[in-house]
Amino acid sequence: GDINFFDKKTSGACKPMGSVRSPAVTAEWSPDGRHVLTATVAPRLRVDNAYRVFTYYAEQTQVTPFATLFEAAWVPAVPGT
């Protein structure tokens, strides 16, 4: 489906930042709030399993395909890295 990104101003107005079409079953913001992780996972879909990372302005920075992917999530960084 389509993913639309907006920046909410302090005035309450929303500014469109970008839009992207991604076959996502799940979506999750990164801890820093600058990236979104989307994933197409099994058993919901058994084809085109992959995870994708987008910036907050809808630029795709990474796509990693899998034969079967059951879950995708952000992993906390090791302290001091």
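Below, the structure is looked at part by part. Please read these numbers as outputs of a predicted model, since none were measured by experiment. (Residues numbered from 1 in each chain as written. Predicted model: local features only at pLDDT ≥ 70, side-chain atom pairs only at ≥ 80, totals over all residues. Heavy atoms only, no water.)

This structure, assessed with the given rule, holds three aromatic pairs. Ring plane angle 85 degrees and centroid distance 6.1 Å describe the contact between Phe5 and Trp29, whose orientation is recorded as edge-to-face. With a gap of 24 residues between them, Phe5 in strand β1 (residues 2-8) and Trp29 in strand β3 (residues 26-29) connect regions that are remote in the sequence. Residue class for Phe5 comes out buried when judged on its relative accessible area of 4%. Consider the rings of Tyr51 and Phe66, whose centres lie 6.1 Å apart with planes at 35 degrees: the pair is tilted. Of the two residues, Tyr51 is situated in strand β5 (residues 50-55) and Phe66 in the segment after β6 (60-65); the sequence distance between them amounts to 15 residues. Tyr51 sits in the partly exposed class, given a relative accessible area of 21%. (Phe/Tyr/Trp six-rings, centres within 6.5 Å; stacked < 30°, edge-to-face > 60°. Helix = DSSP H or I, 4+ residues; strand = E, 2+ residues; numbered from the N terminus. Buried < 20%, exposed > 50% of the residue type's maximum accessible area, 1.4 Å probe, protein only.)

The subject of this paragraph is the environment of Glu28. Inspection of the secondary structure puts Glu28 in strand β3. Considered as a pair, Glu28 and Ala42 are 14 residues apart in the sequence and their alpha carbons are 17 Å apart. If near-sequence neighbours (up to four positions away) are discounted, Glu28 is found in contact with His35, Val36, Leu37, Ala72, Ala73 and Trp74. (Contact = heavy atoms within 4.5 Å.)

Its location among the elements puts Asn49 in the loop between β4 (35-40) and β5. Here Asn49 falls in the buried class, since its relative accessible area comes to 2%. At 3.5 Å, the side chain of Asn49 forms a polar contact with the backbone nitrogen of Ala42. Beyond its immediate sequence surroundings of up to four residues, Asn49 is in contact with Thr40, Val41, Ala42, Pro65, Phe66, Ala67, Thr68 and Leu69. (Polar contact = N/O pair within 3.5 Å; in protein donor to acceptor, adjacent residues only side chain to side chain.)

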